[in-house]
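# Survey of secondary and tertiary structure
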Amino acid sequence: MSDSDPFDEIIDAETDRDPDLAVIEAGSRTLRTQGGPPEADVPTRPQDPEVDKALREVEAELATRWGETKLEPSVSRIAALMDVLGEPQRSYPSIHITGTNGKTSTARMIEALLGAFELRTGRYTSPHVQSVTERISLDGAPISAERFIETYEDIKPYIEMVDAQQEYRLSFFEVLTGMAYAAFADAPVDVAVVEVGMGGTWDATNVIDGDVAVVTPIDLDHTDRLGETPGEIAKEKAGVVKQDATVILAQQPVDAAQVLLKKAVEVDATVAREGLEFGVVARQVAVGGQLITLRGLGGEYEEVYLPLHGAYQAHNAAVALAAVEGFFGVGSQRPEPLDIDTVRKAFAAVTSPGRLEIVRRSPTVVLDAAHNPAGARATAEAIGEAFDFSRLIGVVGASGDKNVRGLLEAFEPVFAEVVITQNSSHRAMDADELAAIAVEVFGEERVQVEPRLPDALEAAITLSEEEGEFAGAGVLVTGSVITVGEARLLLGKG
């Protein structure tokens, strides 16, 4: 590599960069005339009343189990379920994804790339935006309500058998994980793309041995369960790194990187690191997204259109590309890069519902599922880059177990005013409690409280239209995946 190679400069620049905030400058930012992203694939309720009734019955049964915030840290129950099901998760190779932010977007990009190379994919992600069926996808689309119901009914006797044998019943997430692995085996898929629910070592998904382990940027989230520093959190997330695997590491805090690299050495895994073996070489803002050049394990991939906004999505794309290269053995078994036209086609078709997603115009209403400070900082950076808003109104509904002060502080510089609300989840922070923190961050004159989300959306849209000189005003709905999902429904996107 020559001294003038721009990738050397990227490495130097990335040494000190915050993984969620950095924007690698791509020279002058020009607009590229290209259509926006395709419609996001979020399923609506079934049209058939009988199917809808059956799905609601399954959802009601699942709701009687431990929710995703109540955990008993072991994989004993899911392992027992896999055993009685005949180890379905062993019937296909897998790519296992952990990290703090960017997991779902990265999973969707990996899925798109694998599909473009004519592999049948299964994708398991969480949480869902609107429908629980979103969590299990085959061939790039959520499974149908009928198939979701059928899968549940097929494994229900085995679930009950395990429930009877264990100290605790299988949780909501454990049952869904079992359903996903069974559905993938039944399809059958060529490869599964699996996102952890939380952590790694004792996450229910961790009964697979991923051929490729992906770690997106680690930051502070779920600190009560995973640890209070990135290094402590990394110890738990390192559980997805298995013997002889290929490990794809996004840019990490130093203490987290040390933990992950140590684990890789212990299990003879091959490591590729963002900023060293792969990364973002250049990016330009484009209409509906961005134009990026990526350095992969097999060489450069130029002029790749990504219909998603934000520097962090470009970094997710670099990670996804490296993961798929690693899966195909690029850089080890095979020296040549992936076919560039196929890579371009795959990225151009990527969607990520609820991630800087435009759901209305005049005024523009954008949804983003940022729910922790790192995610909020990335979103604040991205919205300033991608949208030319003269004034931005925030609608924020958060969960009570999150660092809401940090979230609000990240958005304070970009929100002219904020409407505080709450979603329908039992985990939602009370609107008045959240508003009290918002007043401390924004000042009383910039905070409005509307406990009902429909009223909050209406208030924010009214605020954005208030003054004629602010014709370029917009609304950003954020704070929780549930808030975003409910807003999406209210605004006619589901």
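Model, not experiment: these values are computed from the prediction. Residue positions are given per chain, counted from 1 along the sequence in the order it is written. This being a predicted model, a pLDDT of at least 70 is required before a residue's local features are given, and a value of 80 or more before pairs of side-chain atoms are given or counted; all residues contribute to the totals for chains, interfaces and linings. As a rule here, side-chain values come from all non-hydrogen atoms in the structure, and water together with hydrogens is ignored.

### A word on the overall build of the protein
Scanning the protein from terminus to terminus reveals 16 helices and 17 strands. Relative accessibility thresholds used throughout: buried, under 20% of the residue-type maximum; exposed, over 50%; partly exposed, between the two (1.4 Å probe, protein chains only). Buried positions account for 58% of the 494 residues belonging to the protein. Nonlocal contacts in the protein, meaning residues at least 24 apart in sequence, comprise 75% of its contacts between residues at least 6 apart. Accessible surface, the protein: about 19300 Å² in total, of which carbon and sulfur atoms supply 48%. Helical segments are the DSSP runs of H or I of at least four residues, strand segments are the runs of E of at least two, and each set is numbered from the N terminus. Here, two residues are considered to be in contact whenever any of their heavy atoms come within 4.5 Å of each other. The method behind every accessible area is Shrake-Rupley, applied with a 1.4 Å probe, and residues are considered shielded solely by the protein chains displayed.

### Section: the sheet that holds strand E9 (residues 279–286)
Strands are labelled as partners when DSSP assigns at least two bridges between them. Taken in spatial order, the 3 strands of this open sheet run E9-E10-E11, and their pairing is antiparallel. Each end of this open sheet is capped by a strand with a single partner; those strands are E9 and strand E11 (299–306). Adjacent strand axes in the sheet meet at a mean angle of 15 degrees, parallel and antiparallel pairs treated alike. One ladder, built from 6 bridges, connects strand E10 (residues 289–296) with E11; its direction is antiparallel. Each bridged residue has a counterpart across the sheet, and for Leu294 the counterpart in E11 is Tyr301. Every axis in this analysis is a line fitted to C-alpha atoms, fitted for helices over the stretch in contact. Angles between the N-to-C directions lie between 0 and 180 degrees.

### Observations concerning the packing of aromatic side chains
Only Phe, Tyr and Trp rings take part, Trp by its six-membered ring, and two of them pair if their centres are within 6.5 Å. Stacked means planes under 30 degrees apart, edge-to-face means over 60, and tilted covers everything else. For the coordinates displayed, the defined rule picks out 8 aromatic pairs. When the ring of Phe327 is compared with that of Phe328, the centres are 5.7 Å apart and the planes differ by 70 degrees; the resulting orientation is edge-to-face. For Phe327, a relative accessible area of 21% puts it in the partly exposed group. Using a relative accessible area of 24% as the deciding quantity, one classes Phe328 as partly exposed. Through a chain of ring-to-ring contacts, three or more aromatic side chains come together here, namely Phe117, Phe327 and Phe328.

### Some thoughts on the packing of helix H3 (residues 76–84) against helix H5 (residues 145–165)
At a minimum axis separation of 9 Å, H3 and H5 run at an interaxial angle of 135 degrees. Relative to H5, the element H3 is oriented oblique. Considering the relative orientation of H3 and H5, their crossing is right-handed. Contact residues: Arg77, Ala80, Leu81 and Val84 in H3; Tyr158, Ile159, Met161 and Val162 in H5. Gly falls in the polar group here, along with every residue not listed as nonpolar (Ala, Val, Leu, Ile, Met, Phe, Trp, Tyr, Cys, Pro) or charged (Asp, Glu, Lys, Arg). Taken together, the residues that form the contact of H3 with H5 break down as 7 nonpolar, no polar and 1 charged. Any angle that is under 35 degrees is reported as roughly parallel, and any over 145 degrees as roughly antiparallel; angles of 65 to 115 degrees are reported as roughly perpendicular and all others as oblique. Definitions for this section: a left-handed crossing has its near helix turned counterclockwise from the far helix by less than a right angle. A right-handed crossing has that turn clockwise.

### Observations regarding the confidence of the model for the protein
Values of pLDDT, the confidence the predictor places in each residue, fall between 0 and 100. Averaged over the protein, the pLDDT score is 88; the fraction of residues at 70 or greater is 88%. Every residue in residues 6–40 scores below 50 in pLDDT, and together they form 82 contacts with partners more than four places removed in sequence or on other chains.

### Observations concerning the environment of Ser464
Relative to the elements of secondary structure, Ser464 occurs in helix H15 (residues 453–465). A C-alpha to C-alpha distance of 6.1 Å links Ser464 and Gly474, two positions 10 residues apart in sequence. Only 2.7 Å separates the side chain of Ser464 from the backbone oxygen of Ile461, close enough to count as a polar contact. Counting of polar contacts relies on pairs of N or O atoms within 3.5 Å, with two restrictions inside protein: one atom must be capable of donating a hydrogen and the other of accepting it, and residues adjacent in sequence are counted only when both atoms are side-chain atoms.

### Re the sheet that holds strand E13 (residues 364–367)
Spatial strand order, E12-E13-E17-E14-E15-E16: 6 strands in an open sheet with mixed pairing. Unpaired on one side and paired on the other, strand E12 (357–360) and strand E16 (447–449) mark the two borders of the sheet. Neighbour-to-neighbour, the strand axes of this sheet turn through a mean angle of 25 degrees, independent of strand direction. The pairing of E12 with E13 spans 3 bridges and is antiparallel. By the bridge assignment, Arg360 is partnered in E13 with Val365.

### Focus: the nonpolar core
Counting 39 residues, the largest nonpolar core has Ile136, Phe148 and Phe184 as its most contacted members. Of all the secondary-structure elements, those providing two or more residues to this core are helix H2 (49–63), H3, strand E3 (136–138), H5, helix H6 (172–186) and strand E5 (191–195). Setting aside anything within four residues of it in sequence, one finds Ile136 in contact with Arg123, Tyr124, Ala141, Pro142, Ile143, Phe148, Leu176, Met179, Ala180, Ala183 and Phe184. Here the nonpolar core consists of buried residues drawn from Ala, Val, Leu, Ile, Met, Phe, Trp, Tyr and Cys, with membership extended through side-chain atoms lying within 4.5 Å. Core analysis: the second largest hydrophobic core is formed by 37 residues, Ile95, Ala318, Ala346 and Phe347 among them.

### Side note on helix H16 (residues 481–490)
Burial analysis of H16 places 7 of its 10 residues in the buried class, which makes it a mostly covered element. Listed as buried for H16 are Val481, Thr483, Val484, Gly485, Glu486, Ala487 and Arg488. Buried residues belonging to H16 abut E12, E13, H15 and strand E17 (473–478). Here H16 starts with a cap whose side-chain oxygen sits 3.0 Å from the backbone nitrogen of Ile482, and that cap is Ser480. Gly492 lies just past H16 and shows a positive phi near 80 degrees.

### Considering the pattern of salt bridges
We define a salt bridge as a contact between a side-chain nitrogen of Lys or Arg and a carboxyl oxygen of Asp or Glu at a distance within 4 Å. In the structure shown here, the tally under the stated rule is 25 salt bridges. One salt bridge in this structure joins Asp186 and Arg147, with 3.9 Å as the shortest N-O distance. Taken together, the positions of Asp186 in helix H6 and Arg147 in helix H5 put the pair 39 residues apart, joining distant regions of the chain. Of the residues examined, Asp186 reaches a relative accessible area of 57% and is grouped as exposed.

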